[in-house]
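Examination of the molecular architecture
Listed here are the chains, written in short residue letters.
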Amino acid sequence: MSTRRSETPKAIQKIGRWVRSRSVREKVMMGTIAGFTLLMFLTLYLKHYRFYYYIPSRASHALGLLILLYKLSISKNCAGLSLKTQELTAIYLVTRLASSLFFRWNTNSLLDLIILGATLWIIYMMRVKLKSSYLKELDNMPLYYVLVPCAFAAILGRPRGGHSFIIRFFWPFNMSVEAISVLPQLRLIQNAKMVEPFTSHYVFALGISRFFQCAYWIIQIIETKGAYLRLVGSGHLWILLALLCELVQTFILADFCYYYVKSVMAGRLMRLPSMV
């Protein structure tokens, strides 16, 4: 059993050493090729099922939450986990579900409901059961730093239509909050000068989730030959807001995922540079 356990890390470390020995230009090229290859694969095999990009996205998020629930249940400790990121997650899920009731209720909405339930349970555990282990002094990003700019962006970018102002506000607001909801978690990691293993797995799962949603928008733009972008000039600012949200969150999490994969390949605990 110990032999099997040591074989896989050696293989991964060997690949990691080879990747690390490449130049920065070669690494960037390999990452770009891998990304485009996966994107083309998704385009070819999910050509008529764009809707299903959201299912693996939500599934990855749910997997990340299951990892956190396992950590909280087994270790009875929430150190390294940002309560504010979980609260922001609950806020954008509630507003997304509220807007779904008026726009379209589907499988994604059911998955969001499950994720919301798991998120609320994590918040309860951190606020009540495991309050003594919560690193409140390190989780110090004020929520209004996120919510106020998101509310302003949602007012400017709300879609047109016959629905009430509040419903048209909720939809872009949940996208904006989702895009930067991970920032308090990254801020806590920077303050703590370390990355707790279960937390790193959770944030990496969010990165995978973000890839699928970003892939959906990129492929939509390519296949419509830029028609989505032309709609922005007709006053549909919500499209521009959606694209910006996808790009912002993808950029934030892509940086974290790079260091996560790097640490896994090196077989050591994850550390981030001074800025993420």
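What this report covers is the structure whose coordinates are included nearby. (Residues numbered from 1 in each chain as written. Predicted model: local features only at pLDDT ≥ 70, side-chain atom pairs only at ≥ 80, totals over all residues. Heavy atoms only, no water.)

Taken N-terminus to C-terminus, the directions of helix α4 (residues 83–102) and helix α7 (residues 165–180) make an angle of 145°; their axes are 8 Å apart at the nearest point. You can see that α4 and α7 cross each other, and the crossing is left-handed. Across the interface between the two elements, Leu88, Ile91, Tyr92, Thr95, Arg96, Ala98, Ser99 and Phe102 of α4 pack against Ile167, Phe170, Trp171, Phe173, Asn174, Val177 and Glu178 of α7. (Axes fitted to C-alpha atoms, helices over the stretch in contact; angles between N-to-C directions. Helix = DSSP H or I, 4+ residues; strand = E, 2+ residues; numbered from the N terminus. Left-handed = near helix turned anticlockwise from the far one by under 90°. Contact = heavy atoms within 4.5 Å.)

Before going further, it helps to spend a moment on a positive patch on the surface. On the surface, Lys14, Arg17, Arg20, Lys262 and Arg268 cluster together to form a positively charged patch. No other element matches the 3 residues that helix α1 (residues 2–21) contributes to the positive patch. Note that Lys262 resides in helix α11 (residues 237–266). A residue is classified by how much of its surface remains accessible, and Lys262, at 32% relative accessible area, is partly exposed. (Patch = residues over 30% accessible without salt bridge, like charges linked within 9 Å, V, L, I, M, F, W, Y side chains within 5 Å. Areas by Shrake-Rupley, 256 points an atom, 1.4 Å probe, with all protein chains shown as cover. Salt bridge = Lys/Arg side-chain N within 4 Å of Asp/Glu carboxyl O. Lys, Arg positive; Asp, Glu negative; His and termini not counted. Charge placed at Lys NZ, Arg CZ, Asp CG, Glu CD. Buried < 20%, exposed > 50% of the residue type's maximum accessible area, 1.4 Å probe, protein only.)

Judged by side-chain polarity, Leu110, Leu113 and Ile114 come together as a nonpolar surface patch covering roughly 280 Å² of accessible area. Looking at the secondary structure, you find Ile114 in helix α5 (residues 107–129). Among the residues examined, Ile114 registers a relative accessible area of 53% and is labelled exposed.

This model, assessed by the stated rule, comprises 6 salt bridges. The partner of Arg96 in a salt bridge is Glu178, and the shortest N-O contact between them spans 2.5 Å. Here Glu178 lies in helix α7 and Arg96 lies in helix α4, a separation of 82 residues in the sequence. For the pair Arg96 and Glu178, a shared accessibility class is recorded, and that class is buried. Here Arg210 ties to Glu178 by a salt bridge, and the two come within 2.8 Å at their closest N and O atoms. Pair noted here: Arg210 is in helix α9 (residues 197–223) and Glu178 is in helix α7, with a separation of 32 residues, a long-range link. On the basis of relative accessible area, Arg210 is assigned to the buried category, the value being 3%.

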